[in-house]
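Analysis of the macromolecular model
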Amino acid sequence: MVMKRKPVSLALQGGGAFGAYTWGALDRILEDERIEVAAVSGSSAGAMCAVVLADGFHQGGAEGARAKLRQFWEGVARAGHANPYRRTPMMAFLNAFTPNWAQENYMALWADLASRLASPYDFNPLNINPLREVLEELVDFKCVRACKDIQLFIGATNVETGRIRIFNTHELTADHVMASACLPQIFKAVEIDGVPYWDGGYTGNPALFPLFTVERTRDIVIVQINPLERSGAPRTAPDITARVNEINFNASLLAELRAIEFVGRLVDEERLPHERYRKMLVHNVSEGAALSPLGLGADLNTDLSFFETLFAVGRKAADDWFANHADALGHHSTVDLGAMFRAAPAPDESQPLR
């Protein structure tokens, strides 16, 4: 008897080189015959993984997606060994979330200082971006746009309004993905239809709200790179910067999770009509403890060996999640949002909804 697959939506965080962790998690998810990927929301490196997955899936199903993801990250590693002038923007982007990378690498230190003292309009006037070259070489965007099995939602930040813009499957090009991955300290804003965009992680890392409209499933599986919690206060400048980045790039995710918890609670209490609101089920594939030390001295962040290390961590995290939580899909969340946001009831929560 053929087992019916459970549809899920995936939400992929951005995180530079740590996107290779997402690659590993996706490899394990695509391998599992119990689930079906119905939709993917992603920003920055998560957006890149999303379009690569869709391209491969359209051409060769789950195995095609797994092969294409490997091809992409191997391509990123090759580009990381290009000449220094082209390599520096690549390294700066891949290591933007782990500032300790600059301490042991001269070219990396130069890039870090340049991004603080000058704009990319000054030190990168040609807007060289090896990541775009890899993306355009390996991803067939006609296949991405033609992929009917998986809905894509790619987030970018409108520079002028500060609001998130979601680009859907049928409109995606390399421009949309590079807009989603545009760190303004390193690259010029990406203009689409005359509107400048920066990294989607500032306003949705990743955006969850587009997944509310996916009718086939209520399950959202977040592949999270940036840890929500760290014990103690950082003391060194790089560690402080790293933690500030983590807090900033998790802020929008926490806000959406809080909204999901609030709506779900009101639905359970029958204070919101079931016919208009759905209770979303939230799951999280994360491995903060294993990822944390990998940011130290990460001057090898463009090496395939480093990506393979992250890949293995991501695969194991997804494998552990399946072992512990796969049966919950379609039934209940495996993230306790109530515990996350409501250690004690707020004074006004007993008041009727107006």
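For the structure itself, look to the data block above.
First, a word on what this report is: a plain description of the structure on this page.

Basis of the calculations
Residues numbered from 1 in each chain as written. Predicted model: local features only at pLDDT ≥ 70, side-chain atom pairs only at ≥ 80, totals over all residues. Heavy atoms only, no water. Helix = DSSP H or I, 4+ residues; strand = E, 2+ residues; numbered from the N terminus. Buried < 20%, exposed > 50% of the residue type's maximum accessible area, 1.4 Å probe, protein only. Core = buried A, V, L, I, M, F, W, Y, C linked by side-chain atoms within 4.5 Å. Contact = heavy atoms within 4.5 Å.

The next thing to look at is unusual backbone geometry. Geometrically, the link from Asn205 to Pro206 is a cis peptide bond, its omega value of -5 degrees lying close to zero. A positive phi angle, close to 60 degrees, is found at Ser44, a residue other than glycine. Within the secondary structure, Ser44 sits in the loop between strand E2 (35-42) and helix H2 (45-79). Note on Ser44: relative accessible area 1%, which makes it buried. Notably, Asp193 is not glycine yet its phi reads approximately 55 degrees, a positive angle. Along the chain, Asp193 falls in the loop between strand E5 (190-192) and strand E6 (195-199).

What follows concerns the nonpolar core. Core analysis: the largest hydrophobic core is formed by 72 residues, its most contacted members being Leu10, Val51, Phe72, Leu135, Leu152 and Phe307. The element best represented in this core is H2, accounting for 15 residues. Filtering out sequence-adjacent residues up to four positions away, Leu10 remains in contact with Leu26, Ile29, Val37, Ala39, Val40, Ser41, Leu211 and Val221. With 19 residues, the next largest nonpolar core counts Ala39, Phe153, Leu253 and Met280 among its residues.

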